[in-house]
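# Structure at a glance
If you want the building blocks of each chain, they are given just below.
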Amino acid sequence: MDYLFLSAQLAVGFFIIFLSVIFFFLKSKPTKHKLPPGKTGWPIVGETLDFVSCGRSGQPEKFVNERMGKYSEEIFKTSIAGEKMAVFCGAAGNKFLFSNEKKLLVAWWPPTVDKITISPNSCNTLMAKKMHNILPEYVKPEGLQKCVPIIDSTTKVHLEKEWSSPTREVKVFPLSKELTIFLACKLFMSVEDPKIVAKIADDFALVITGLLSVPINFPGTAFHRAVKAANSIRKVLVPIMKERRKQLMVGDKELASSSYDLLSQVLLSKDEDGEFLNEMENADMILGILIASHDTTSTVMTFVVYYLADHPHVYDQVFKEQMEIAKSKGPEELLNWEDIQKMKYSRNVINEVMRLEPPSQGAFKHAVNEFTYGGFTIPKGWKAFWSVYSTHRDPKYFPNPDKFDPSRFEGNGPMPYTFVPFGGGPRMCPGREFARLEILVFMHRLVMKFKWEKLIPNEKIIYQPSPIPVNGLPIRLFPHEN
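Before going into details, it helps to say that this report is about the structure given with it. (Residues numbered from 1 in each chain as written. Predicted model: local features only at pLDDT ≥ 70, side-chain atom pairs only at ≥ 80, totals over all residues. Heavy atoms only, no water.)

### Brief notes about the sheet that holds strand S8 (residues 383-387)
Within a sheet, neighbouring strands are paired by backbone hydrogen bonds and run either parallel or antiparallel to one another. Quick note on the threshold: Two strands qualify as a pair provided that DSSP identifies no fewer than 2 bridges between them. By the criteria applied, helices consist of DSSP H or I runs no shorter than four residues and strands consist of E runs no shorter than two, each listed in order from the N terminus. Where helices are involved, their axes are fitted lines through C-alpha atoms of the stretch in contact, as for all axes, and angles between N-to-C directions lie from 0 to 180°.
Strands sit in the order S1-S2-S8-S5-S3 across an open sheet of 5 strands; the sheet is mixed. Taken across any chain shown, the strands that pair with only one partner, and hence form the sheet edges, are strand S1 (75-80) and strand S3 (105-108). Between one strand and the next, the sheet's axes are offset by a mean angle of 35°, whatever the strand orientation. Pairing of S3 with strand S5 (residues 362-367) involves 4 bridges; the strand directions are antiparallel. When the bridges of S5 are listed, Trp108 appears paired with Phe364.

### Some points on the pairing of S5
What counts, and what does not: Whether a residue is buried, partly exposed or exposed follows from its accessible area with a 1.4 Å probe, protein chains only, as a fraction of its type maximum: under 20%, in between, or over 50%, in that order.
A large share of S5 lies buried, amounting to 5 of its 6 residues. Pairing between S5 and S8: 5 bridges, direction antiparallel. Pairing of Gly362 across the sheet is with Ser387, part of S8.

### Some points on the nonpolar core
This is how the line gets drawn: Among the buried residues, those of types Ala, Val, Leu, Ile, Met, Phe, Trp, Tyr and Cys that are joined through side-chain atoms within 4.5 Å form a nonpolar core. Contacts: residue pairs with any heavy atoms within 4.5 Å of one another.
Counting 114 residues, the largest nonpolar core has Phe88, Trp163 and Trp452 as its most contacted members. Of all the elements, helix H13 (residues 279-310) adds the most residues to this core, at 15 residues. The contacts of Trp452, once residues within four sequence positions are left out, are Val305, Leu308, Ala309, Tyr315, Leu446, Val447, Ile475, Arg476, Leu477 and Phe478. Core analysis: the next-biggest nonpolar cluster, separate from the first, contains 13 residues, Cys54, Ile80, Trp108 and Phe364 among them.

### Things to note about the pattern of salt bridges
Worth spelling out the cut-off: Salt bridges, as used here, are contacts in which a Lys or Arg side-chain nitrogen is within 4 Å of a carboxyl oxygen on Asp or Glu.
Per the counting criterion, the structure on display carries 23 salt bridges. Note that Arg234 is salt-bridged to Asp284, the shortest N-O span being 2.5 Å. Taken together, the residues Arg234 in helix H10 (residues 222-249) and Asp284 in helix H13 connect sequence positions 50 residues apart. Judged by its relative accessible area of 3%, Arg234 is buried. Residues joined by salt bridges that share partners form a network here, namely Glu47, Asp50 and Arg67.

### Quick word on the pairing of S8
For S8, a buried count of 5 out of 5 residues is recorded, marking the element as mostly surrounded by other parts of the structure. Neither face of S8 is left uncovered, since the one carrying Lys383, Phe385 and Ser387 and the one carrying Ala384 and Trp386 both have all their residues buried.

### Some words on the packing of helix H7 (residues 141-162) against helix H8 (residues 172-189)
Rules: With the far helix as reference, a near helix turned anticlockwise by less than a right angle produces a left-handed crossing, and one turned clockwise produces a right-handed crossing. Each residue gets one of three labels, nonpolar for Ala, Val, Leu, Ile, Met, Phe, Trp, Tyr, Cys and Pro, charged for Asp, Glu, Lys and Arg, and polar for the others, Gly among them.
Relative to each other, H7 and H8 sit at 145°, their axes nearing to 11 Å. The handedness of the crossing between H7 and H8 comes out as right-handed. On H8, the residues that touch Cys147, Ile150, Ile151, Thr154, Thr155, His158 and Glu162 of H7 are Leu175, Glu178, Leu179, Phe182, Leu183, Lys186 and Leu187. Looking at side-chain class alone, the contact of H7 with H8 contains 8 nonpolar, 3 polar and 3 charged residues.

### Re helix H4 (residues 90-99)
Structurally, the α-helix is built with 3.6 residues per turn, so residues lying three or four positions apart point the same way. Summarising burial for H4: 7 of the 10 residues are buried, a large majority. Every buried residue belonging to H4 is among Gly90, Ala91, Gly93, Asn94, Phe96, Leu97 and Phe98, and all of these are buried. Taken together, the buried residues of H4 touch strand S2 (83-88), S3, S5, strand S6 (371-373) and S8.

### Regarding unusual backbone geometry
The backbone phi angle of Lys102 is positive, close to 75°, even though this residue is not glycine. Topologically, Lys102 is positioned in the loop between H4 and S3. Phi is positive for Arg168, which is not a glycine, with a value near 60°. Note that Arg168 resides in the loop between H7 and strand S4 (169-171). The class for Arg168 is partly exposed, based on a relative accessible area of 33%.

Shown next as structure tokens:
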């Protein structure tokens, strides 16, 4: 009996050794490609946990910078979200990726993003193409000009209502999210019903949290909550779209003159065969636009407040600029496009905020062809990633990189491909000027009404994937006497 037990043990041991040898030879099998240096980590998981944990610990740049120092300042390999990936670094890496969009690479997101934002019967490729056709038209200067008084009046009411706490203490992050989701609903869909906006906002928060979560669709997981919340938003959007389509089809004159908004453009757009998209595809497009417009803007608004509290001399410069604009207006007169063009220093402040606290860590791409870069081969099917952290805090491009200094953006500004909060090339975020417009109006109304101080001076910042003050950035407001 002991002999049989020992034999079984030996058999299992030899089998494990055999598999280990096979795995070793498969892993070390010579390849004709010279792949970028680096490690791909554990099977399936790769280095995803390290990537995520760096962000949650408040050091998102650590993942990239450590590997740049260890392997190469130009490119290294890793594995994130179950995909073999080449991370391109520096201005040259950014330029290469942005310049070869649709030639060597196309946009790609981890499967969780598509599973949450794209319903089963929708065509992801078609919708992405339509979004990039519709959005640039909507955010042209002539379109943005019409938005200025709407954004201004909405922001003014928001500050008077939500920032007037008896204690003069508020949390900036949740309030900025509340403002941007209301603006998105109003400007994109002409929806102002507080109950509908609140419902979308509550679900939207769950969607954002689950976008880069582990894709386990089981009750209690962030991914499951996000999928459920996205479906809930679609259910809210469908009756709104049905009513709007009915108005468009009968030629509602009031609608045509007052609210030919983004929703109307989406509903009137057709596919390559001349057919209208179905309800779920239209709902997915609106959901995608809400995600793209909301998170970036609210994040930057929050950190404008964060950095102005830390740098009173910068606040004073912003106040001086905005006061000159205010003096040229009547007591109740709203901002216009010409006023926005005068906010040059305030725009530089926004850029410096986005350099230090970029609303996005970077973006993923998919290699549609094999190509070489820096002497290394990137096989077809691999994924690529560019990171803001390989340039935004690099002293080669930004001397004394940790210093908050809006003057960096005066004159010609930074070198090309070094300041990339919105990406670059054909896939550069089409809504970037719309986001800046909302933030500039917010800055104007806020500094004209208050000074402030942080209640938690060294509040921790985490990244999920956008930067988030863990306590919501509580501040104490000091209203101007006049």
